[in-house]
Amino acid sequence: MDAIFKALGDPARRQILDALRRDDGQTLSQLEDGFEMTRFGVMKHLGVLEDAGLITTAKRGRFKHHYLNAVPLQEAIDRWIEPLLVAPAARAMVDLKARLEGQTAMDTALPDTTMTTYIAAPPAKVFEALTDDARMTEIAPHLPPRHTTRSEAPHLLDQTLETPGDPARLVITLRPEGPHTEITLSQFGTPDDAAPFRTGWVRMLAGLKTLIETGQATGFADPELLAAPDPKKETPK
């Protein structure tokens, strides 16, 4: 937690996060063009942000792409802000860190949004919860409909999302990390406004973690986030 606040304490690092919020997945050269500082200075700030878990990276060939990871910020919100807004609930504090070692399921494409966290349970139990439609609806009722195109239990889920325009793609990978499971979520083909999707996935991961670690199906979804339009409803004229 100290690393998060230290990283956010520098205005240049906050500007880098803002740049990634506007255009996720930028390389060092792309970020360097947007700031009046040396290449080494940008690299140093990126290192602090990555150590704090506020960005994740994916490497393709010679280029390293950087992504905003909002999961640690959700931890701070859950710990200090949400208890002031809602009634206290018997929830485990979200133990969230972030790192991305590679997208093994996607060899040629780069994700539009990616985030990682850890859940205190074996991969099989996490996978079981992910594929339980009833429980997922409880914790994330406003996720767009998903259809699994590839399933390799308990390590991989490859799904399509019913989003406006062309369908988006969601890849979830699970990896054992001692007594925990490292879960990485990557979305491809995100609509132009990716911010609601990024926020919605953070909330979904928080709900999934709470469900598995406490047994409580606590929903964190915002009704305005990830609400897929209902094709049966006609737009008023």
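The preceding data block contains the structure.
Residues numbered from 1 in each chain as written. Predicted model: local features only at pLDDT ≥ 70, side-chain atom pairs only at ≥ 80, totals over all residues. Heavy atoms only, no water.

J.: What exactly am I supposed to notice about helix H4 (residues 39–51) here?
T.: Owing to its 3.6 residues per turn, the α-helix brings residues three or four apart onto one side. Here H4 is 13 residues long and its end C-alpha atoms lie 18 Å apart, about the 18 Å a rise of 1.5 Å per residue gives. Turning to H4, its buried residues number three or more, namely Gly41, Val42, His45, Leu46 and Leu49. Relative to the axis of H4, the buried residues are bounded by an arc of 135 degrees and lie together on one face. Of the residues in H4, the exposed ones pointing more than 90 degrees away from the buried face are Phe40, Lys44 and Asp51. Those residues of H4 that are buried lie in contact with helix H1 (2–8), helix H2 (11–22), helix H3 (28–33), strand E1 (55–60) and strand E2 (63–68). Once H4 finishes, glycine 53 follows within two positions and takes phi at roughly 80 degrees, a positive value. (Helix = DSSP H or I, 4+ residues; strand = E, 2+ residues; numbered from the N terminus. Expected span 1.5 Å × (residues − 1). Buried < 20%, exposed > 50% of the residue type's maximum accessible area, 1.4 Å probe, protein only. Arc of directions from axis to C-beta. Contact = heavy atoms within 4.5 Å.)

J.: Honestly, the nonpolar core in this entry has me stumped. Any pointers?
T.: Proteins that are soluble and globular tend to have nonpolar side chains buried together. Grouped together as the largest cluster of nonpolar side chains are 28 residues, with contacts concentrated most on Val126, Leu130, Ile172, Ile183, Trp201, Met204 and Leu208. Breaking this core down by element, the ones donating at least two residues are strand E3 (113–119), helix H6 (123–130), helix H7 (133–139), strand E5 (156–161), strand E6 (168–177), strand E7 (180–188) and helix H8 (195–214). Of all the elements, H8 adds the most residues to this core, at 7 residues. When near neighbours in sequence (up to four residues on either side) are disregarded, methionine 204 contacts Met136, Ile139, Ala140, Leu143 and Leu185. (Core = buried A, V, L, I, M, F, W, Y, C linked by side-chain atoms within 4.5 Å.)

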